[in-house]
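Here's the letter readout for the chains.
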Amino acid sequence: MNTHELFHTLHQLSRHLTNTLNEALKPLGLYGSQWSAIFVLKTKGSLTQKELCDYLFVEAPPMTRTIQRLVKQGYVRQVPGKDKREKIIQLTDKALLEYPKWEKTVFETNESVLKNLPETSQEELLRLQKSWLQQLK
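Since the model is a prediction, treat every value here as computed from it, not as a measurement.

When you look at the overall build of the protein in this model, what are you seeing that I'm missing?
Along its length, the protein carries six helices and three strands. Ordered by position from the N terminus, the helices and strands of the protein form the series α-α-β-α-α-β-β-α-α. Principal axes of the C-alpha set define a box for the protein whose edges measure 50 × 30 × 20 Å. For the protein, with 137 residues in total, the buried portion stands at 23%. Sequence separation of at least 24 residues holds for 47% of the intrachain contacts in the protein that already meet a minimum separation of 6. Within the structure as shown, the protein displays about 10,100 Å² of accessible surface, and the carbon and sulfur contribution to it stands at 56%.

Help me understand the pairing of strand S3 (residues 87–91) in this model?
Consecutive residues of a regular strand have side chains that alternate between opposite faces of the sheet. Direction of pairing for strand S1 (residues 47–48) relative to S3: antiparallel, over a ladder of two bridges. Opposite Leu47, over in S3, you have Ile89 as the bridge partner. Two strands pair when backbone bridges link them, and strand S2 (residues 76–80) and S3 are joined in this way by five bridges, in the antiparallel orientation. Residue pairing in the sheet places Val76 in a bridge with Leu91 of S3. As consecutive antiparallel partners, S2 and S3 are separated by six residues.

Can you walk me through the sheet that holds S3 in this structure?
The strands making up a sheet associate through hydrogen bonds between their backbones, and the pairing can be parallel or antiparallel. Across the sheet, which stays open at both edges, the three strands sit in the order S1-S3-S2 with antiparallel pairing between neighbours. Because the sheet does not close on itself, it has two edges, and the strands there are S1 and S2. Most of the contacts of helix H2 (residues 32–44) go to S3, to which it runs at about 90°, and overall it touches S1, S2 and S3.

Would you mind showing me how to read the side chain of Thr109 here?
Considering the arrangement of structural elements, one finds Thr109 in helix H5 (residues 93–114). Exposure remark for Thr109: the relative accessible area of 11% places this residue in the buried category. Once residues within four sequence positions are removed from consideration, Thr109 is found in contact with Thr20, Leu21 and Ala24.

About the criteria used
- Residues numbered from 1 in each chain as written.
- Predicted model: local features only at pLDDT ≥ 70, side-chain atom pairs only at ≥ 80, totals over all residues.
- Heavy atoms only, no water.
- Helix = DSSP H or I, 4+ residues; strand = E, 2+ residues; numbered from the N terminus.
- Buried < 20%, exposed > 50% of the residue type's maximum accessible area, 1.4 Å probe, protein only.
- Contact = heavy atoms within 4.5 Å.
- Areas by Shrake-Rupley, 256 points an atom, 1.4 Å probe, with all protein chains shown as cover.
- Pairing = 2+ DSSP bridges.
- Axes fitted to C-alpha atoms, helices over the stretch in contact; angles between N-to-C directions.

Printed below as a string of structure tokens:
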């Protein structure tokens, strides 16, 4: 097996999916990285910035920039945590109001990307990804 080719195509696919999602979200004023943070906060509830970084496998500096943009847009707020360094990130009412529109756009984009991949292949891909991710943690 040529692992270089495996990882190269995986990287290409990741970049393609990121670009496709960014283009779909652009008219709504969001990027895929912002959507990822919003989605996690919506599904898991309020998290510290570190928990958000750990969950999304994102370094602190880019996550800080993403959160700052979301604060500026009025979609998240930062609440002081247990100590002065810790910040808890929460979605605002404005974000919760916009969320269904964003989710619909992401869902339609995902459906479009997957339209030629049979459902059984989608299920197998999900199973493989979850298994691999679990082993890496």
